[in-house]
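So you can see what is in the structure, the chains are spelled out below.
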Amino acid sequence: MIKVYLFDWGNTLMVDFPKAQGKMCHWESVETISGAKEALAVLSEKSQIYIATGAADSTEAEIKLAFDRVGLSQFIAGYFCKDNLGLSKGTPEFLKSILAKLDVPLENVAMVGDDFEKDIKPAISVGIKPIWFTQQHLENIPHKVKVVHSLITLTH
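The notes below deal with the structure included here.

Calculation criteria
- Residues numbered from 1 in each chain as written.
- Predicted model: local features only at pLDDT ≥ 70, side-chain atom pairs only at ≥ 80, totals over all residues.
- Heavy atoms only, no water.
- Core = buried A, V, L, I, M, F, W, Y, C linked by side-chain atoms within 4.5 Å.
- Buried < 20%, exposed > 50% of the residue type's maximum accessible area, 1.4 Å probe, protein only.
- Helix = DSSP H or I, 4+ residues; strand = E, 2+ residues; numbered from the N terminus.
- Contact = heavy atoms within 4.5 Å.
- Salt bridge = Lys/Arg side-chain N within 4 Å of Asp/Glu carboxyl O.
- Arc of directions from axis to C-beta.

### Details of the nonpolar core
Inside soluble globular proteins, nonpolar side chains tend to come together where they are buried. Among the nonpolar cores identified, the biggest contains 35 residues, and Phe-7, Phe-67 and Leu-151 are the most heavily contacted of them. Contributing elements (two or more residues each) for this core: strand S1 (4-7), helix H1 (36-43), strand S2 (48-52), helix H2 (60-69), strand S4 (109-113) and strand S5 (129-133). Per element, the largest residue contribution to this core is four residues, and it comes from H1. Not counting residues within four places of it along the chain, the set of residues in contact with Phe-67 comprises Trp-9, Leu-13, Met-14, Ile-51, Leu-72, Ser-73, Ile-76 and Tyr-79. Counting residues in hydrophobic clusters, the runner-up holds 17 residues, among them Val-4, Leu-85, Leu-99 and Met-111.

Structure representation (structure tokens):
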């Protein structure tokens with residue numbers, strides 16, 4: 001059973017508008033990905049939810065502020081980013097640092113993200129469950145990778 005979900009931030013839980021500049025917490029408009037609030041509400045009843053983001057220019061407090069603005073922070077147990085880990089996302093070391101802090105067996109941790117290179121490959125390499133959130137319909141899905149096209153699917 002998954003006890004800890006690590007979620008990517010941009011384009012996994014919140015829309016990363018390509019033309020928006022600066023820190024997401026200061027954007028004029030912010031919004032969730034469809035189904036994010038419903039999925040987190042259900043998942044957080046039995047599991048801990050953490051954010052594992054590659055946002056290099058936002059502090060943990062600024063990331064939380066963005067989640068506050070869309071009503072998702074109530075489901076989040078914590079935020080991991082370059083600011084508080086000192087490591088950039090996309091490497092096994094980033095996830096290993098998070099896992100060391102959480103102290104949860106690997107088989108009980110899943111990484112949910114939209115970027116195969118930065119979310120899924122590192123999850124595979126450290127031995128946690130990779131869940132690829134993508135709109136692509138793929139014929140060759142890598143071994144052990146669960147693919148979801150809707151976040152609400154995670155609750156079933």
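Anyway, onward from the coordinates.
### Considerations on the pattern of salt bridges
Summed over the entire model, instances satisfying the criterion amount to five salt bridges. Here Asp-68 makes a salt bridge to Lys-64, at a shortest N to O gap of 3.1 Å. With Asp-68 and Lys-64 both in helix H2 and four residues apart, this pair spans about one turn of that helix. Overall, the relative accessible area of 36% leaves Asp-68 in the partly exposed class. Between Lys-89 and Asp-119 there is a salt bridge, and its shortest N-O distance comes to 2.5 Å. With Lys-89 in the loop between helix H3 (82-85) and helix H4 (92-102) and Asp-119 in helix H5 (residues 116-126), this residue pair connects regions lying 30 residues apart in the sequence. Residues Lys-89 and Asp-119 agree in their burial class; the two are buried. Salt bridges sharing partners connect three or more residues here, namely Asp-8, Lys-89 and Asp-119.

### Describing H1
Turning to H1, its buried residues are Ala-36, Ala-39, Leu-40 and Leu-43. In an axial view of H1, the angular spread of the buried residues amounts to 95 degrees, which keeps them on one side of the axis. The inward-facing, buried residues of H1 abut S1 and S2.

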